[in-house]
Amino acid sequence: MSVETKLKDVTVSTFLKKKENKEKITMLTAYDCSTAKYFDDAGVDSILVGDSLGMVVLGYESTHHVTMTEMQIFTAAVARGAKRCLVVADMPFMSYHLSIEEAVKNAGELIRAGASAVKLEGATDFILSVVKRCVESGIPVVGHLGFTPQYLNVLGGYKIQGKSAENTKYILNQAKKLQEAGAFAVVLEMVPEESAKLITEKLDIPTIGIGAGRYTDGQVLVADDVLGKYSEFKPKFARRYSNLKDIISEAAKNYISDVTSAKFPDDTEVFHLSEEEHSALKEIIK
Ligand code: KIV
């Protein structure tokens, strides 16, 4: 039996080439097949199946509740919709912390689900070993530094990171270690623009910013923020390009009104019996 592995149009090399050529990398999160298809058709470089799905799709309070099974299901859905761009799947909380073997096995499960790369947070010695072993096993890795949501309780809240020269130096060192371990890109979240710019300039691998200003090699945003679907809260760094919340509410209200006033369905939206069968039916059921 021959196994065909189709490479996506956008690969790890595309990311590196874009940095070299000073072309911006575009990344959006997505969690379902149709949204992934629309983003892919629109030309985005990469889709991140972020563990932000815990909040925006599943209604959890934080990313801590997201499981490997959930990540596999949503990754597979996105991968079925995204034919061209690079699909990156987040490794969920505690799926890469217990042993290197378990971490690599879990990363492999996300690749089997359809991702082309995984993303993980932090750069402790243990995490760096995980990155190294994943890459040695053929699993491309994106790092994630600055504000790392899985460390929310340690960081003491949603706080901007790298606000001092010392802390920026610390993040830069972490980023360099991730690069050495084999990561092909690093997400910088909620870092001052000046810090992110310096980190970007000092790295060979691209930085993808979220709340990290204008000078990172690429940008990533959460789809629900971009589409205006997640209305609970809009982060300062996010830009809304649509207002799906209002569009969805309006559609639902119009539907309810049409059903309750018997305007839906109309004659174009129903199936009819033939006249012959209709007469026969009336005869049979008198
Ligand atoms: O889970 C996510 O959506 C992310 C982005 C915020 C980068 O990690």
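Report follows, based on the coordinates.

Definitions and limits used
- Sequence order sets the numbering: in each chain, residues are counted from 1 along the sequence as written.
- With pLDDT at 70 or above as the cut-off, local features in this predicted model cover only qualifying residues; side-chain atom pairs require 80 or more to be listed or tallied, and sums for whole chains, interfaces and linings still use all residues.
- Excluded from the side-chain calculation are hydrogens and water; included are all heavy atoms of the structure.
- Using a 1.4 Å probe on the protein chains alone, a residue whose accessible area is under 20% of its type maximum counts as buried, one over 50% counts as exposed, and one in between counts as partly exposed.
- Secondary structure elements are taken from DSSP: a helix is a run of H or I of four residues or more, a strand is a run of E of two residues or more, and numbering for both begins at the N terminus.
- Relevant arc is that of directions from the helix axis to the C-beta atoms, nothing else.
- Residue contacts are counted whenever heavy atoms from the two residues lie within 4.5 Å of one another.
- Take the buried Ala, Val, Leu, Ile, Met, Phe, Trp, Tyr and Cys residues and link them wherever side-chain atoms come within 4.5 Å; each set so joined is a nonpolar core.
- At least two bridges found by DSSP between two strands are what make those strands a pair.
- One heavy atom within 4 Å of a molecule or strand makes the whole residue count as near it.
- Polar contacts here mean pairs of N or O atoms no more than 3.5 Å apart (in protein, one a potential hydrogen donor and the other a potential acceptor; neighbouring residues in sequence count only if both atoms are side-chain atoms).
- Here the Shrake-Rupley method, with its probe set to 1.4 Å, supplies the accessible areas, and only the displayed protein chains count as covering residues.
- Polar here means any residue outside two lists: the nonpolar Ala, Val, Leu, Ile, Met, Phe, Trp, Tyr, Cys and Pro, and the charged Asp, Glu, Lys and Arg; Gly therefore counts as polar.
- Orientation is described by axes fitted as lines to C-alpha atoms, over the contacting stretch for helices, and by angles from 0 to 180 degrees between their N-to-C directions.
- Only Phe, Tyr and Trp rings are paired, with Trp represented by its six-membered ring, and only when their centres lie within 6.5 Å; those with planes under 30 degrees apart are stacked, over 60 edge-to-face, the remainder tilted.
- Counting as a charge over the ring demands two things of the Lys NZ or Arg CZ atom: a distance within 6 Å of the ring centre and an angle within 35 degrees of the ring normal.
- Within this analysis, patches are made of residues with over 30% relative accessible area and no salt bridge. Like charges are joined at 9 Å or less; nonpolar side chains (Val, Leu, Ile, Met, Phe, Trp, Tyr) at 5 Å or less.
- Here a salt bridge means any side-chain nitrogen of Lys or Arg lying within 4 Å of a carboxyl oxygen belonging to Asp or Glu.
- All tallies of charge rest on Lys and Arg as positive and Asp and Glu as negative; His and the ends of each chain are not included.
- Charged side chains are reduced to one point each, which is NZ for Lys, CZ for Arg, CG for Asp and CD for Glu.
- Comment on the angle field: the value is read as roughly parallel under 35 degrees, roughly antiparallel over 145, roughly perpendicular from 65 to 115, and oblique elsewhere.
- Each crossing is labelled by how the near helix is turned from the far one, with a counterclockwise turn of less than a right angle marking it left-handed and a clockwise turn marking it right-handed.

### A closer look at helix H9 (residues 193-202)
Buried within H9 we find Glu-193, Ser-195, Ala-196, Ile-199 and Thr-200. Viewed along the axis of H9, the buried residues span an arc of 160°, placing them on a single side of the element. Within H9, the exposed residues directed more than 90 degrees away from the buried face are Glu-194 and Glu-201. In this fold, the buried residues of H9 make contact with helix H1 (12-20), helix H8 (165-181), strand S6 (185-189) and strand S7 (207-210).

### What about the nonpolar core?
As a rule of thumb, nonpolar side chains are buried together in soluble globular proteins. Counting 72 residues, the largest nonpolar core has Phe-15, Ile-47, Leu-120, Val-131, Leu-145, Leu-178 and Leu-188 as the members making the most contacts within it. Excluding its chain neighbours within four sequence positions, the residues that come into contact with Val-131 are Leu-120, Val-141, Leu-178, Ala-181, Gly-182 and Ala-183.

### So, the pairing of strand S4 (residues 117-121)
For S4, the tally of buried residues reaches 5 of 5 residues, placing the bulk of the element in the interior. A two-sided burial pattern is seen for S4, the buried positions comprising Ala-117, Lys-119 and Glu-121 on one face and Val-118 and Leu-120 on the other. Inspection of the sheet shows strand S3 (residues 86-90) paired to S4 by 3 bridges, in the parallel sense. The partner of Val-88 across the bridge, within S4, is Ala-117.

### Things to note about the site of the ligand
The environment of the ligand is made up of Thr-29, Leu-48, Gly-50, Asp-51, Ser-52, Asp-90, Lys-119, His-144, Glu-189, Ile-210 and Val-222. Contacts to the ligand include Asp-51, whose side-chain N or O atom sits 3.0 Å from an oxygen atom. Protein burial of the ligand: of its 260 Å² of free accessible surface, 96% is covered by the chains. Among the residues forming the shell around the ligand, the class breakdown is 3 nonpolar, 4 polar and 4 charged.

### A few points about the sheet that holds S7
The strand order S1-S2-S3-S4-S5-S6-S7-S8 describes a closed barrel built from 8 strands, whose pairing is parallel. Within this sheet the neighbouring strands show an average axis-to-axis angle of 25°, counted without direction. Against the sheet, helix H4 (residues 68-81) makes contact with strand S2 (46-49) and S3, and its axis sits at roughly 160° relative to S2, the strand it touches most. Along the sheet, H8 makes contact with strand S5 (141-146) and S6, crossing S5 at roughly 175°.

### Examining the packing of aromatic side chains
The tally for this structure, following the rule as stated, stands at 3 aromatic pairs. With 5.4 Å between their ring centres and 70° between their planes, Phe-15 and Phe-184 make a pair best called edge-to-face. Of this pair, Phe-15 sits in helix H1 while Phe-184 sits in the loop between H8 and S6; the two residues are 169 residues apart in sequence, bridging distant segments of the chain. Of the two residues examined, Phe-15 and Phe-184, each falls in the buried class. Ring plane angle 40° and centroid distance 5.3 Å describe the contact between Phe-147 and Tyr-158, whose orientation is recorded as tilted. Taken as a pair, Phe-147 in the loop between S5 and helix H7 (152-155) and Tyr-158 in the loop between H7 and H8 lie far apart in primary sequence, 11 residues in all. With a relative accessible area of 52%, Tyr-158 lands in the exposed category. The lysine or arginine in question, Lys-197, covers the ring of Tyr-215, its NZ or CZ lying 5.5 Å from the ring centre.

### Comments concerning the side chain of Thr-29
Position of Thr-29 among the secondary structure elements: in strand S1 (residues 25-29). What makes Thr-29 buried here is its relative accessible area of 3%. One polar contact links the side chain of Thr-29 to the main-chain amide nitrogen of Ala-223, over a distance of 2.8 Å. The contact partners of Thr-29, leaving out residues within four places of it in the chain, are Phe-39, Ile-47, Leu-48, Ser-52, Leu-221, Val-222 and Ala-223.

### What to know about a positive patch on the surface
On the surface, a cluster of positive charge is made up of Lys-234, Lys-236, Arg-239, Arg-240, Lys-245 and Lys-253. In this structure, Arg-240 sits in the loop between helix H10 (223-226) and helix H11 (244-260).

### Considering the side chain of Glu-193
Structurally, the position occupied by Glu-193 is in helix H9. Among the residues examined, Glu-193 registers a relative accessible area of 18% and is labelled buried. Polar side-chain contacts of Glu-193 include one of 2.7 Å to the side chain of Arg-214. Beyond its immediate chain neighbours, meaning those up to four positions away, Glu-193 contacts Ala-212, Gly-213, Arg-214 and Tyr-215.

### Some points on the packing of H8 against H9
In the contact formed by H8 and H9, the axes pass within 10 Å of each other and the chain directions differ by 30°. Judged by the angle between their axes, H8 and H9 are roughly parallel. Remark: the crossing between H8 and H9 carries right-handed chirality. Side by side, H8 and H9 meet where Thr-168, Ile-171, Leu-172, Ala-175 and Lys-176 of the first sit next to Ser-195, Leu-198, Ile-199 and Lys-202 of the second. Taken together, the residues of the contact of H8 with H9 sort by class into 5 nonpolar, 2 polar and 2 charged.

Function cannot be inferred from these measures alone, as they are strictly geometric.
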